[in-house]
Amino acid sequence: MNHRYDVIVVGARVAGSSLAYELSRAGYEVLLLDKSTFPSDTLSTHNFYGNSLAMLRDMGVLQKLLDTGTPTYKRAVIQFEDVVLDGEFPEVDGETECLCIRRTHLDDILFRHASSQARVTSVTGFRITDVIREGDAVTGVTGVSRDGARQQFRAKLVVGADGRNSTVRGLVNSPCRMAVPTDYASYVGYYAGYRQDGDLHVELYKIRDKIGIVFPTSDNLYVVGVMFPLDSEEWMDRFKTGPEQAMRDVIERDFANAPVRDRMRGTTLVGPVRGLLGYDNDWYEGMGPGWALVGDAFSFKDPAVGQGMQEALYGARILTEVLSRHSNWDEAWGTMAQEFQSLMEAKMSFHFHLACQYTKNVPFTPEQMGLNRLLASSPAATRAFLGLYNRAVGPQQFEFIVKELLARPIN
């Protein structure tokens, strides 16, 4: 095996496999590493909006994902207290549908697709233990395979695509630029027998101090998630001791006036209920001499906004574009780091701050509820609000639409 590459990508799920594909297409020799094997599962909301589907189509994997039988949808029903917004996501990049695909299908397909590229070498079951340095620059990794064999690989660049608790990020000491802790615990499970009215759709609820999400997903299942305050001793104890029953009880009690309660009553849990107990919405330095970060290793945000996977795709493209603009990386680390950070901020900062708002247990103000009612009263405004999520509508454009609504005379 060649032990010298242009780029070593650590982590081969969405961020890592899409990056390996993009780098290979740009002409780079890539080593793709992961401590897991595929197919395998990981905790995730696993949703792609239309703008993501356009990227997946361009990568040549969308049809393979659809061939799993995972349904698409384009409708969203959002309930903020007693106000309901019901509409369709606007078309973006020629796509009208969304896709919430289980990671057992998604990651395996992306990994196999990346591994099939001519310039990509992939190794699974390999856990990195350290980075190699020459002076200030990272020049490779060392690690151990599942059979205990120790090995090292060298490259011009090492990329951490290894998730929220990134090993690479810790080894290169990437500074944290921002961290906003959540007020919530988050639990999720897969359910069979969940029945919706009308078209398939995503459901989002924010009622008092609870948040709920429901997505139609693969294998004729729905992924259902609930979030409750970390300082709730009752629910923390109940979810730790009996998460399956606790999930049903919190929905029965706190979502009594929402459709999710009745829809959950005839369902069967498939697999375990899993939880994430406290996390930061964080934002890190994305590049330094010989290293870079993409996906959740770069920035993790509250799962309620459903942005993590599509931002992994964006990060892969942005990093590849930055690298391709410079022929001598050794002389351009500072310039490339500034470019990468600036482009990532321009693409992702709005949704990061949106997630920071979701992650705080703060009731809607009367002014916010007034705005929610206004949005619900206008199909065009509801559609524009949904367009914020799939990037069909920018923040300034949405603000303009809201101002126009507010300026209209009340009948």
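Quick notes on the rules
Residues numbered from 1 in each chain as written. Predicted model: local features only at pLDDT ≥ 70, side-chain atom pairs only at ≥ 80, totals over all residues. Heavy atoms only, no water. Helix = DSSP H or I, 4+ residues; strand = E, 2+ residues; numbered from the N terminus. Rg over C-alpha atoms; globule rule 2.2 N^0.38 Å. Buried < 20%, exposed > 50% of the residue type's maximum accessible area, 1.4 Å probe, protein only. Contact = heavy atoms within 4.5 Å. Areas by Shrake-Rupley, 256 points an atom, 1.4 Å probe, with all protein chains shown as cover. Axes fitted to C-alpha atoms, helices over the stretch in contact; angles between N-to-C directions. Parallel < 35°, antiparallel > 145°, perpendicular 65-115°, else oblique. Left-handed = near helix turned anticlockwise from the far one by under 90°. Nonpolar A, V, L, I, M, F, W, Y, C, P; charged D, E, K, R; others polar. Pairing = 2+ DSSP bridges. Salt bridge = Lys/Arg side-chain N within 4 Å of Asp/Glu carboxyl O.

Okay, the overall build of the protein next. The helix and strand inventory of the protein stands at 13 helices and 21 strands. A compact globule built from 411 residues would reach a C-alpha radius of gyration of about 22 Å, and the protein, at 22 Å, matches this within 12%. For the protein, the C-alpha atoms occupy an extent of roughly 70 × 50 × 40 Å along the three principal directions. Counting across all 411 residues of the protein, residues that qualify as buried make up 56%. Taking all contacts inside the protein whose residues are at least 6 apart in sequence as the whole, residues at least 24 apart take part in 73%. Element-wise, carbon and sulfur atoms account for 48% of the exposed surface of the protein, whose accessible area totals about 17200 Å².

Here we come to the packing of helix 1 (residues 14–25) against helix 4 (residues 103–115). Closest axis-to-axis distance for the helix 1/helix 4 pair is 8 Å, and the angle between their directions is 25°. Taken together, helix 1 and helix 4 sit at an angle that is classed as roughly parallel. Note on packing geometry: the crossing formed by helix 1 with helix 4 is left-handed. Mapping the contact onto sequence places Val14, Ser17, Ala20 and Tyr21 in helix 1 and Arg103, Leu106, Asp107, Leu110, Phe111, His113 and Ala114 in helix 4. Among the residues making up the contact of helix 1 with helix 4, the classes are represented as seven nonpolar, two polar and two charged.

Our focus in this paragraph is the sheet that holds strand 7 (residues 98–100). In any sheet, the strands associate via hydrogen bonds between backbone groups, in a parallel or an antiparallel arrangement. Pairing is antiparallel across the open sheet formed by three strands, whose spatial order is 3-7-4. Looking at the sheet topology across the chains shown, the edges are occupied by strand 3 (47–48) and strand 4 (72–73). With two bridges joining them, strand 4 and strand 7 adopt antiparallel strand pairing. Bridge assignment links threonine 72 to a residue of strand 7, and that residue is leucine 99.

Within the secondary structure, lysine 35 sits in the loop between strand 2 (30–34) and strand 3. With 83 residues separating them in the primary sequence, lysine 35 and alanine 118 have C-alpha atoms 22 Å apart. Those residues in contact with lysine 35 that sit more than four places away from it in its chain are Gly125, Phe126, Arg127 and Arg146.

Another point: the sheet that holds strand 18 (residues 280–284). Spatially, three strands are ordered 12-18-21 in an open sheet, and the strand pairing comes out antiparallel. Strand pairing shows two members of the sheet lacking a second neighbour, strand 12 (176–181) and strand 21 (299–300), which therefore form its edges. Lying over the sheet, helix 10 (residues 333–358) contacts strand 12, strand 18 and strand 21, oriented at roughly 170° with respect to strand 18.

All right, on to the pattern of salt bridges then. Following the criterion strictly, the structure yields 31 salt bridges and no others. Residues aspartate 249 and arginine 238 are paired through a salt bridge, measuring 2.1 Å at the closest nitrogen-oxygen approach. Highlighted residues: aspartate 249 in helix 7 (residues 243–254) and arginine 238 in helix 6 (residues 233–241), separated in sequence by eleven residues. In this structure, the salt-bridge partner of aspartate 262 is arginine 261, at a minimum N-O distance of 3.4 Å.

Summarising burial for strand 10 (residues 137–145): eight of the nine residues are buried, a large majority. Pairing geometry for strand 9 (residues 126–134) and strand 10, over eight bridges, is antiparallel. When the bridges of strand 10 are listed, valine 131 appears paired with valine 141. Where strand 9 folds back onto strand 10 in an antiparallel hairpin, the turn is made up of two residues, including glycine 135, whose phi is positive at roughly 65°. In this structure, strand 10 lies alongside strand 11 (residues 150–160), joined through five bridges in antiparallel fashion.

In this section: unusual backbone geometry. Cis rather than trans, the peptide bond between phenylalanine 38 and proline 39 has omega equal to 5°. In this structure, proline 39 sits in the loop between strand 2 and strand 3. Phi is positive for asparagine 220, which is not a glycine, with a value near 60°. Secondary-structure assignment places asparagine 220 in the loop between strand 15 (210–216) and strand 16 (221–229).

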